[in-house]
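Summary of the model geometry
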Amino acid sequence: MNIKVGVSNHHVHLTREALDILFGEGYELNVKNYLKQKGQFAAEEQVKIHKNGKTLEHIRIVGPCRNYTQVELLQKDNDFFGINAPIRTSGDLKGSESVMIEGPKGIFMAKESTIIADRHIHMSADDLKKFGKSKGDIVMVKCENGVVMDNVHIKSDDTCVLEFHINKDEAIDLGIESEMVVNIC
């Protein structure tokens, strides 16, 4: 069964506390466009990321607010900052890198917040049944361009819509584009 590819650029997920510090108390994000995962959206708002005297600008916020702040970088961002943000599953932040996030109203110190997102497949409960998989399984996939990738994590919750996610740097290196398809090997 074909699974569509979604290529992900660097972005941040914020807590309500972080959003209040960065944009002002009670600020609400403005939807730029909705993402395939239910309820999630790319916000109009962007922030700056600071680390080791260097700054990345125009980093998109992905909403809505979460119960943890997470900064998802690309390998080239890791190299730019001279850090070693680990490749991890979303939410696995213990011992990860810390950065400063700057918004128009303030700066938020995002401790143990910064990772490079691993390759993963979002699956609904029905998708798990169809594919004979369980949340947390690790699989291998083959892309329509012939590239085979291992260590692909299966994610599942009520918001999941079937989609394979890979970060922009890795997608470019492997010749993979959004809307291509992969299949589980």
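Notes on the structure follow. (Residues numbered from 1 in each chain as written. Predicted model: local features only at pLDDT ≥ 70, side-chain atom pairs only at ≥ 80, totals over all residues. Heavy atoms only, no water.)

**Comments concerning helix H1 (residues 16-23)**
Listing the buried residues of H1 in full gives Ala 18, Leu 19, Asp 20, Leu 22 and Phe 23. One or two positions beyond H1, positive phi appears at Gly 24, with a value near 110°. (Buried < 20%, exposed > 50% of the residue type's maximum accessible area, 1.4 Å probe, protein only. Helix = DSSP H or I, 4+ residues; strand = E, 2+ residues; numbered from the N terminus.)

**Section: the pattern of salt bridges**
Inspection of the entire model under this criterion finds nine salt bridges. Asp 20 serves as the salt-bridge partner of Arg 16, at 2.7 Å between the closest nitrogen and oxygen. Here Asp 20 and Arg 16 lie together in helix H1, a separation of four residues that amounts to about one turn. Given a relative accessible area of 30%, Arg 16 falls into the partly exposed group. Salt bridges here are not isolated pairs; linked through shared partners, they connect Lys 4, Lys 36, Glu 163 and Glu 179. (Salt bridge = Lys/Arg side-chain N within 4 Å of Asp/Glu carboxyl O.)

**Let's talk about the pairing of strand E12 (residues 148-155)**
Relative to E12, strand E10 (residues 120-122) is paired through three bridges, and the arrangement is parallel. Bridging across to E12, His 122 finds its partner in Lys 155. Once strand E11 (residues 138-143) ends, the chain turns through four residues before running back antiparallel as E12, passing Gly 146 with a positive phi of about 95°. (Pairing = 2+ DSSP bridges.)

**Observations regarding a nonpolar patch on the surface**
Taken together, the side chains of Met 100, Ile 107 and Met 109 make up a nonpolar region of the molecular surface, amounting to roughly 250 Å² of accessible area. Within the secondary structure, Ile 107 is located in strand E9 (residues 107-117). Assessed through its relative accessible area of 47%, Ile 107 is described here as partly exposed. (Patch = residues over 30% accessible without salt bridge, like charges linked within 9 Å, V, L, I, M, F, W, Y side chains within 5 Å. Areas by Shrake-Rupley, 256 points an atom, 1.4 Å probe, with all protein chains shown as cover.)

**Re the sheet that holds strand E14 (residues 181-184)**
The six strands are arranged E1-E13-E10-E12-E11-E14 in a closed barrel whose pairing can be described as mixed. The average undirected angle you get between the axes of adjacent strands in this sheet is 45°. (Axes fitted to C-alpha atoms, helices over the stretch in contact; angles between N-to-C directions.)

**Describing the environment of Met 149**
Here Met 149 is to be found in strand E12. You can call Met 149 buried: its relative accessible area is 1%. Linking Met 149 and Cys 185, residues 36 residues apart in sequence, is a C-alpha distance of 9.5 Å. Discounting chain neighbours no more than four positions away, the residues touching Met 149 are Arg 119, Val 139, Met 140, Val 141, Cys 143, Phe 164, Ile 166, Leu 174, Ile 176 and Val 182. (Contact = heavy atoms within 4.5 Å.)

**Brief notes about the packing of aromatic side chains**
Counting across every chain of the model gives three aromatic pairs. Summarising the aromatic geometry, the rings of Phe 23 and Tyr 27 are spaced 5.0 Å apart at their centres and angled 25° between planes, so their arrangement reads as stacked. Residue Tyr 27 is classed as partly exposed on the basis of its relative accessible area, which comes to 26%. Where Tyr 34 meets Phe 41, the ring centres are 6.2 Å apart and the plane angle is 70°; that geometry is what we call edge-to-face. Exposure remark for Tyr 34: the relative accessible area of 60% places this residue in the exposed category. (Phe/Tyr/Trp six-rings, centres within 6.5 Å; stacked < 30°, edge-to-face > 60°.)

**Here we look at unusual backbone geometry**
Residues Gly 63 and Pro 64 are joined by a peptide bond in cis, for which omega reads 5°. With respect to the helices, strands and loops of the structure, Pro 64 is situated in the loop between strand E5 (54-63) and strand E6 (70-72). Phi at Asn 52 is positive, roughly 55°, even though this residue is not glycine. By the element assignment, Asn 52 lies in the loop between strand E4 (41-51) and E5. The residue Asn 151 is not glycine, and still its phi comes out positive at about 55°. Along the chain, the position of Asn 151 falls in strand E12.

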